[in-house]
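Working through the structure, step by step
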Amino acid sequence: MRAAFHLDSLPRLSRSTVDRREQVRGDPDHVAATWPLARVVRVDPQGRTPVSEQPDGSLRLVDSPARDFGDGIPDGAVLLGEEEGTAYWGVRVPDADSANDAGSGFSSTELWRDLRISGGELDARSAGLLTTAVALLSWHERARFCARDGSPMRAIKAGWAQLCEANDHEEYPRTDPSMICLVHDGADRVLLARQPIWPAGRYSVLAGFVEAGESLEACVARECAEEVGVSVSTITYLGSQPWPFPRSLMIGFSAVADPDESLRLQEGEIENARWVTRQELREALEAGDWMTREGEGSGARGVGGTAFEAGEDRDLILPGGVSIARAMLEAWAAAG
């Protein structure tokens, strides 16, 4: 039995080079002093930010000087961290498709991309900055009122907390833990499943949210049983990845199941599940990843530039590089 394997590298959205500077968030003087020379990450309501392609093919955020947004820190701005003496802030800006240049810092020539489409191609600094900005800005917009008494909330600590105006208690960004598990047979087969809302051919590993009062290992066992009806053992932690859509943390595991056990699909959640051999998985990984839009009327681009036309019929399309699921599948495929 070849049950053990590990991730070869950090998942793409787990990479970062910026110091989050938690220790200075409560120091208003220090926070204010970072602004004049700071750089700003612009994020529109769709979670997109301008990027530029680098010579090595990676993408880098196009950040802006803070002075473009005023002499002082604007309402709603969040401190993302510092690197080499430069502070980085996140700011919500109007929709990139409809905004003009007047007072918004937009340029019609900029290429705007979101984490789902291009997160896997961002360099480490850009990935860390954008993932944090998307998560924090989304939290502020979804948590404008106190969970205790419904009173308005006011951002404090450079955007990393909110203060209830009625009772002065603080609230902090919430993260929803979710397990994601690669189930295999301990030899050369892996279990993949698909949701009914996915286009034909798309498959991935199993995933589900951790319930109140539940351990991560118990969540893995429960979700695997609920979604496909299998009992799992040898539950092993692999790694984690932020998934700010809007506020999840994907916690990766592997587990072993008996391929002879009958699959029982969860109605409304799982349309199909199948055991795939290691060779079949390798061939699917080599072919590319599942389709991502690259602008109006375009098809999609897979790993290595493989192009898929919209609606193309493919038997097994796997997650893209932005997802920890891809890293898990690649690591298992390489372990045999």
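Residues numbered from 1 in each chain as written. Predicted model: local features only at pLDDT ≥ 70, side-chain atom pairs only at ≥ 80, totals over all residues. Heavy atoms only, no water.

Applied cut-off: UniProt positions are given in the numbering used here, feature names are shortened, and annotations may be inferred rather than shown by experiment.
In the nomenclature of an unreviewed UniProt entry, the protein chain corresponds to NAD(+) diphosphatase from the organism Actinomycetospora aurantiaca. A UniProt comment under Sequence similarities (unreviewed entry) is attached to the protein chain, and it reads "Belongs to the Nudix hydrolase family. NudC subfamily." Taken verbatim from the UniProt record of the protein chain, the Catalytic activity (unreviewed entry) comment is "a 5'-end NAD(+)-phospho-ribonucleoside in mRNA + H2O = a 5'-end phospho-adenosine-phospho-ribonucleoside in mRNA + beta-nicotinamide D-ribonucleotide + 2 H(+)".

**Observations regarding the overall build of the protein chain**
How we decide: Helical segments are the DSSP runs of H or I of at least four residues, strand segments are the runs of E of at least two, and each set is numbered from the N terminus. When accessible area is computed with a 1.4 Å probe and restricted to protein chains, residues below 20% of their type maximum are described as buried, those above 50% as exposed, and intermediate ones as partly exposed. Here, residues are in contact when the closest pair of their heavy atoms is within 4.5 Å.
Counting its secondary structure elements, the protein chain contains 6 helices and 18 strands. For the protein chain, the residues scored as buried account for 49% of the 336 residues in total. The long-range share in the protein chain, meaning contacts at least 24 apart out of those at least 6 apart in sequence, stands at 66%.

**Quick notes on the sheet that holds strand β9 (residues 161–164)**
Short version of the rule: Pairing between two strands requires that DSSP report at least two bridges joining them. Axis definition: a line fit to C-alpha positions, over the contact stretch in the case of helices; interaxial angles, taken between N-to-C directions, run 0 to 180 degrees.
The sheet built from 3 strands is open, its strands ordered β8-β9-β10 with antiparallel pairing. Strands with a single pairing partner mark the edges of an open sheet, and in this sheet they are β8 (153–156) and β10 (170–171). By the bridge criterion, 2 bridges tie β9 to β10 in an arrangement that is antiparallel. Note on β10: the bridge partner recorded for Leu163 is Glu170. On the sheet, helix α3 (residues 124–142) packs against β8, β9 and β10 and is oriented at approximately 15° with respect to β9.

**Digging into the pattern of salt bridges**
Defined as follows: Any Lys or Arg side-chain nitrogen found within 4 Å of a carboxyl oxygen on Asp or Glu counts as a salt bridge.
For the structure shown, the criterion picks out 20 salt bridges. With a closest N to O distance of 2.9 Å, Arg42 and Glu110 form a salt bridge. Here the residue Arg42 occupies a position in strand β1 (residues 39–43), and Glu110 occupies one in the loop between β6 (86–92) and β7 (111–113), the gap between them amounting to 68 residues. On the accessibility criterion, Arg42 (1% relative accessible area) is buried. Among the charged side chains, a network of salt bridges with common partners joins Glu211, Glu214, Arg222, Glu223 and Glu226.

**As for the sheet that holds β6**
Across the sheet, which stays open at both edges, the 4 strands sit in the order β4-β1-β6-β5 with mixed pairing between neighbours. Lying at the two open borders of the sheet, with one neighbouring strand each, are β4 (64–65) and β5 (78–83). The pairing of β1 with β4 spans 2 bridges and is classified as antiparallel. Directly across from Arg39, in β4, lies its bridge partner Pro65. α3 rests against β1, β5 and β6 of the sheet, and its axis sits at about 160° to β5.

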